[in-house]
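Architecture and fold: a report
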Amino acid sequence: MAGVMLHLALFQPEIAANVGAAIRAAACFGAELHVIEPCGFPWKTRDIERVSLDYGALAPPHRHADWRAFREGVPGRIILMTTKAETAYHEHDWQRGDILLLGQESAGVPEDIHNEADIRLRIPLAPGARSLNMAMAGAIGMAEARRQIGWG
Ligand SMILES: C[S@@+](CC[C@H](N)C(=O)[O-])C[C@H]1O[C@@H](n2cnc3c(N)ncnc32)[C@H](O)[C@@H]1O
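Residues numbered from 1 in each chain as written. Predicted model: local features only at pLDDT ≥ 70, side-chain atom pairs only at ≥ 80, totals over all residues. Heavy atoms only, no water.

A few words on the layout of surface pockets. Space inside the largest pocket adds up to approximately 540 Å³. Around the largest pocket sit 25 residues that line it, and M81, T82, T83, G108 and S131 are the ones nearest its centre. For the lining of the largest pocket, the secondary-structure elements that each account for two or more residues are β4 (78-81), β7 (119-122) and α5 (134-149). (1 Å grid on protein atoms, 1.4 Å probe; cavity = no way out; pocket = protein on both sides within 12 Å on 5 of 7 lines; lining within 4 Å. Points joined across faces, edges and corners; volume = space filled by probe spheres on them. Helix = DSSP H or I, 4+ residues; strand = E, 2+ residues; numbered from the N terminus.)

A separate point is the UniProt feature "binding site: S-adenosyl-L-methionine" (unreviewed entry) in the protein. In the UniProt entry, the feature "binding site: S-adenosyl-L-methionine" (unreviewed entry) is given for M81, G103, I123 and S131. Look at the named residues: they lie 51 residues apart in sequence, but the longest C-alpha span between them is just 13.6 Å, so in the fold they bunch up. Those annotated residues lining the largest pocket are, specifically, M81, G103, I123 and S131. For M81, the position within the fold is in strand β4. Dropping the residues within four chain positions of it, M81 is found in contact with Y89, W94, L100, L101, L102, L121, I123, A137 and G141. Non-local contacts of S131, meaning those with residues more than four positions away in its chain, are made with T83 and L125. (UniProt positions renumbered as here; feature names shortened; annotations may be inferred. Contact = heavy atoms within 4.5 Å.)

Listed below in C-alpha coordinates is the structure:
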(Lines give C-alpha, C1' and ligand atoms only; values in the text may rest on other atoms or scores of the structure.)
Protein backbone atom coordinates (compact mmCIF):
# COMPACT_ATOMS: atom_id res chain seq x y z
CA MET A 1 0.00 0.00 0.00
CA ALA A 2 3.07 2.28 -0.04
CA GLY A 3 2.57 5.43 -2.09
CA VAL A 4 -1.21 5.50 -1.65
CA MET A 5 -2.49 9.09 -1.55
CA LEU A 6 -5.57 8.43 0.59
CA HIS A 7 -7.61 5.49 1.89
CA LEU A 8 -11.37 5.32 2.39
CA ALA A 9 -12.49 2.55 4.76
CA LEU A 10 -16.09 1.45 5.37
CA PHE A 11 -16.81 -0.22 8.70
CA GLN A 12 -19.25 -3.11 8.29
CA PRO A 13 -21.50 -1.35 5.76
CA GLU A 14 -25.14 -2.42 5.73
CA ILE A 15 -26.38 -1.12 2.37
CA ALA A 16 -24.92 -2.26 -0.97
CA ALA A 17 -25.87 0.99 -2.71
CA ASN A 18 -23.79 2.97 -0.20
CA VAL A 19 -20.78 0.80 -0.96
CA GLY A 20 -21.38 1.48 -4.65
CA ALA A 21 -21.53 5.23 -4.03
CA ALA A 22 -18.36 5.05 -1.91
CA ILE A 23 -16.52 3.13 -4.65
CA ARG A 24 -17.43 5.83 -7.16
CA ALA A 25 -16.42 8.64 -4.78
CA ALA A 26 -13.12 6.90 -3.91
CA ALA A 27 -12.34 6.53 -7.62
CA CYS A 28 -13.11 10.21 -8.24
CA PHE A 29 -10.87 11.39 -5.37
CA GLY A 30 -8.07 8.94 -6.08
CA ALA A 31 -8.48 6.93 -2.86
CA GLU A 32 -8.03 3.21 -2.17
CA LEU A 33 -11.33 1.73 -1.00
CA HIS A 34 -11.48 -0.77 1.89
CA VAL A 35 -14.50 -2.71 3.11
CA ILE A 36 -14.25 -4.07 6.66
CA GLU A 37 -16.53 -7.09 6.90
CA PRO A 38 -18.95 -8.47 7.80
CA CYS A 39 -21.29 -6.53 5.55
CA GLY A 40 -25.01 -6.37 6.27
CA PHE A 41 -25.87 -7.67 2.79
CA PRO A 42 -24.78 -10.56 0.58
CA TRP A 43 -21.88 -9.34 -1.57
CA LYS A 44 -23.26 -9.34 -5.11
CA THR A 45 -21.25 -7.33 -7.59
CA ARG A 46 -24.39 -6.50 -9.58
CA ASP A 47 -26.04 -4.66 -6.64
CA ILE A 48 -22.88 -2.64 -6.05
CA GLU A 49 -22.28 -1.91 -9.73
CA ARG A 50 -25.77 -0.46 -10.04
CA VAL A 51 -24.45 2.62 -8.23
CA SER A 52 -20.67 2.42 -8.71
CA LEU A 53 -21.14 2.02 -12.51
CA ASP A 54 -17.73 1.21 -14.00
CA TYR A 55 -15.78 3.15 -11.33
CA GLY A 56 -14.92 -0.10 -9.55
CA ALA A 57 -12.17 -0.55 -12.13
CA LEU A 58 -10.53 2.63 -10.79
CA ALA A 59 -11.12 1.85 -7.09
CA PRO A 60 -11.57 -1.92 -6.73
CA PRO A 61 -12.66 -2.60 -3.13
CA HIS A 62 -10.19 -4.39 -0.85
CA ARG A 63 -12.25 -6.66 1.39
CA HIS A 64 -10.95 -7.36 4.93
CA ALA A 65 -12.37 -10.17 7.08
CA ASP A 66 -12.58 -7.97 10.18
CA TRP A 67 -11.15 -4.89 11.91
CA ARG A 68 -7.93 -6.64 13.02
CA ALA A 69 -7.20 -7.97 9.53
CA PHE A 70 -7.72 -4.45 8.19
CA ARG A 71 -5.38 -2.88 10.76
CA GLU A 72 -2.67 -5.46 10.10
CA GLY A 73 -2.93 -4.99 6.34
CA VAL A 74 -3.30 -1.22 6.05
CA PRO A 75 -0.86 0.94 8.03
CA GLY A 76 -1.62 4.63 8.50
CA ARG A 77 -3.37 7.21 10.66
CA ILE A 78 -7.02 6.38 11.29
CA ILE A 79 -9.16 9.47 10.80
CA LEU A 80 -12.64 8.57 12.02
CA MET A 81 -15.51 10.62 10.62
CA THR A 82 -18.11 10.86 13.37
CA THR A 83 -20.86 13.17 14.50
CA LYS A 84 -19.42 12.75 18.02
CA ALA A 85 -16.18 14.69 17.37
CA GLU A 86 -15.15 18.14 18.56
CA THR A 87 -12.90 19.02 15.62
CA ALA A 88 -14.33 19.93 12.21
CA TYR A 89 -12.97 18.10 9.15
CA HIS A 90 -11.55 21.27 7.60
CA GLU A 91 -9.59 22.14 10.78
CA HIS A 92 -7.57 18.93 10.49
CA ASP A 93 -4.12 18.81 8.91
CA TRP A 94 -4.63 16.00 6.37
CA GLN A 95 -1.57 14.02 5.29
CA ARG A 96 -0.80 11.73 2.40
CA GLY A 97 -1.65 8.12 3.34
CA ASP A 98 -4.39 9.05 5.84
CA ILE A 99 -7.17 6.47 6.31
CA LEU A 100 -10.61 8.10 6.35
CA LEU A 101 -12.85 5.69 8.30
CA LEU A 102 -16.63 5.76 7.99
CA GLY A 103 -18.99 4.10 10.44
CA GLN A 104 -21.90 1.81 9.80
CA GLU A 105 -25.12 3.39 8.57
CA SER A 106 -27.18 2.54 11.65
CA ALA A 107 -24.65 2.60 14.48
CA GLY A 108 -21.37 4.26 13.46
CA VAL A 109 -18.44 2.35 15.01
CA PRO A 110 -18.23 0.58 18.40
CA GLU A 111 -16.63 2.47 21.29
CA ASP A 112 -13.32 0.56 21.17
CA ILE A 113 -12.79 1.49 17.53
CA HIS A 114 -13.88 5.06 18.26
CA ASN A 115 -11.16 5.19 20.92
CA GLU A 116 -8.57 3.48 18.74
CA ALA A 117 -8.85 6.13 16.01
CA ASP A 118 -5.92 8.55 15.90
CA ILE A 119 -8.17 11.50 15.10
CA ARG A 120 -11.94 12.06 15.14
CA LEU A 121 -13.58 14.65 12.89
CA ARG A 122 -17.10 15.88 12.27
CA ILE A 123 -18.78 17.64 9.40
CA PRO A 124 -20.80 20.51 10.88
CA LEU A 125 -24.52 20.21 10.08
CA ALA A 126 -27.50 22.53 10.18
CA PRO A 127 -29.47 22.60 13.45
CA GLY A 128 -31.82 19.62 13.72
CA ALA A 129 -29.93 17.47 11.19
CA ARG A 130 -28.57 14.23 12.69
CA SER A 131 -26.11 12.88 10.13
CA LEU A 132 -25.20 12.61 6.47
CA ASN A 133 -25.40 9.56 4.27
CA MET A 134 -22.20 7.60 4.85
CA ALA A 135 -20.89 7.88 1.26
CA MET A 136 -21.63 11.62 1.20
CA ALA A 137 -19.68 12.11 4.43
CA GLY A 138 -16.80 10.23 2.81
CA ALA A 139 -16.90 12.42 -0.30
CA ILE A 140 -16.81 15.62 1.77
CA GLY A 141 -13.87 14.33 3.82
CA MET A 142 -11.96 13.16 0.74
CA ALA A 143 -12.54 16.48 -1.06
CA GLU A 144 -10.97 18.38 1.84
CA ALA A 145 -8.14 15.85 2.14
CA ARG A 146 -7.27 16.23 -1.54
CA ARG A 147 -7.59 20.03 -1.36
CA GLN A 148 -4.90 20.01 1.34
CA ILE A 149 -2.70 17.17 0.09
CA GLY A 150 -2.92 18.25 -3.53
CA TRP A 151 -3.69 16.33 -6.67
CA GLY A 152 -0.14 15.50 -7.79
C1 LIG B 1 -25.57 7.57 8.80
S2 LIG B 1 -24.11 7.90 9.64
C3 LIG B 1 -24.26 6.98 11.16
C4 LIG B 1 -25.23 7.52 12.12
C5 LIG B 1 -25.15 6.83 13.46
N6 LIG B 1 -26.43 6.92 14.10
C7 LIG B 1 -24.08 7.47 14.35
O8 LIG B 1 -24.45 8.11 15.32
O9 LIG B 1 -22.90 7.32 14.08
C10 LIG B 1 -22.91 6.88 8.86
C11 LIG B 1 -21.51 7.39 8.97
O12 LIG B 1 -21.36 8.55 8.16
C13 LIG B 1 -20.40 9.41 8.73
N14 LIG B 1 -21.05 10.69 9.01
C15 LIG B 1 -22.33 11.03 8.76
N16 LIG B 1 -22.57 12.30 9.10
C17 LIG B 1 -21.41 12.79 9.60
C18 LIG B 1 -20.99 14.05 10.14
N19 LIG B 1 -21.84 15.08 10.22
N20 LIG B 1 -19.73 14.20 10.53
C21 LIG B 1 -18.86 13.19 10.45
N22 LIG B 1 -19.18 11.96 9.96
C23 LIG B 1 -20.44 11.76 9.54
C24 LIG B 1 -19.88 8.73 9.98
O25 LIG B 1 -18.72 7.99 9.67
C26 LIG B 1 -21.03 7.81 10.33
O27 LIG B 1 -20.62 6.73 11.13
